[in-house]
Amino acid sequence: MLTGEEKFVRCGQVRLWTERFGHPDDPTVLLVMGTSTQGIGWPDELVQALVDSGRQVIRFDHRDTGRSDSVDFAARPYALADLATDAVGVLDGYGVAAAHVVGTSLGAAIGQWLAVHRAARVRTLTAMASSPMGNNPGPAWARALAVQPAAPDALPPPTARFLAHLMDAAKAPRATARQRVDADVQTWRVLNGDVLPFDEPAARRFVEHCHDRADNLAAAANHDLAGRRWDDDRRASLSGITAATLVLHGSDDPLFPQAHGEALAAQIPTARLEIVPGMGHHPFFAPGLTERIAGSVIRHTT
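Residues numbered from 1 in each chain as written. Predicted model: local features only at pLDDT ≥ 70, side-chain atom pairs only at ≥ 80, totals over all residues. Heavy atoms only, no water.

- As recorded in an unreviewed UniProt entry, the protein chain goes by Alpha/beta fold hydrolase and comes from Micromonospora humidisoli.

Set out below in structure tokens:
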């Protein structure tokens, strides 16, 4: 059974839950999860594969998720730069000067921010299921739901099924613990895409575990508020990234269609694009994809 060293790291006024695996002298892989998702979203199987390949692995709960501190967003609003600073604080907490940064979705945007603004801390970057951090302000799904006209050069919006799911989810009952779990499992099902199988029992176990360990489950919604804050640091050109970059993107991502991954890779001179056939926005509930993602990360960080 995979076991790690758990500890809390303080980043300014925020205390973050972290977990470290492997030998401290090995190269470090920092795993950065997506919006509103706890660090345990990085599956043990992937962590074990990275450790077995000779890497120290660190995963952590973002602020407002899991066992990390919750924030009064109205009183202390934060943005992408603050979440990226948290990631730097995690590295500092383990005395790591630079890491292979592996991020998915929001975590990949955090990785981009670090590669631009804190380049010395990023040995390599793996950006999965993401879009350029300087993409049009505000979440693509929010613009699509508001039926706002897209700019001529805008990247494609989420799929119709994903947008329909958001509208249905807003009306779904969440009065009981079972209803809340069911609703989250359905979201993961939609994010899985329509091509590859979806391991519902694994997703349900994950959701139940997340609900059990969260100190404040509702606080995770603050990530959507943070995503709508658009500061100049997000508009910085990605062309200055010097870290070797792997852009991993699913051919059937319902939130960020394939063109988003292509656009991200095109903006980073060092980037190599790897399109994963059938993969949706979150790969870890599709049987076999965890192993494939682990292999890609291991090759890239060698």
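Having seen the structure, we can now continue with the description.
## Concerning helix 6 (residues 177–191)
Phase 1: The end-to-end C-alpha distance of helix 6, which contains 15 residues, comes to 21 Å, matching closely the 21 Å that a straight helix rising 1.5 Å per residue would cover.
Phase 2: Taken residue by residue, helix 6 has Val181, Ala183, Val185, Trp188, Val190 and Leu191 as its buried positions.
Phase 3: Residues of helix 6 that are buried in the fold lie against helix 5 (160–171) and helix 7 (200–213).
Phase 4: Note on helix 6: the residue one or two positions beyond its end, Gly193, has a positive phi of about 90°. (Helix = DSSP H or I, 4+ residues; strand = E, 2+ residues; numbered from the N terminus. Expected span 1.5 Å × (residues − 1). Buried < 20%, exposed > 50% of the residue type's maximum accessible area, 1.4 Å probe, protein only. Contact = heavy atoms within 4.5 Å.)

## A look at the nonpolar core
Phase 1: Leu30, Leu80, Val90, Ile110, Trp113 and Leu114 are the most contacted members of the largest nonpolar core, which totals 42 residues.
Phase 2: The element that contributes the greatest number of residues to this core is helix 2 (residues 80–93), accounting for eight residues.
Phase 3: For Leu114, the contacting residues outside a window of four places in its chain are Ala84, Ala87, Val88, Ala119 and Val122.
Phase 4: Ranked by size, the runner-up nonpolar core spans 23 residues in total, among them Met33, Ala129, Leu246 and Ile293. (Core = buried A, V, L, I, M, F, W, Y, C linked by side-chain atoms within 4.5 Å.)

## Section: the packing of helix 6 against helix 7
Phase 1: Two elements in contact, helix 6 and helix 7, have axes whose closest approach is 9 Å; the angle formed by their N-to-C orientations is 130°. When the axis of helix 6 is compared with that of helix 7, the two are oblique. When the axes of helix 6 and helix 7 are compared, the crossing they make is right-handed. Contact with helix 6, carried on its side by Arg178, Arg180, Val181, Asp182, Asp184, Val185, Trp188 and Arg189, involves Glu200, Ala203, Arg204, Phe206, Val207, Glu208 and His211 of helix 7 and no other residues of that element.
Phase 2: Residue composition of the contact of helix 6 with helix 7, by class: six nonpolar, one polar and eight charged. (Axes fitted to C-alpha atoms, helices over the stretch in contact; angles between N-to-C directions. Parallel < 35°, antiparallel > 145°, perpendicular 65-115°, else oblique. Left-handed = near helix turned anticlockwise from the far one by under 90°. Nonpolar A, V, L, I, M, F, W, Y, C, P; charged D, E, K, R; others polar.)

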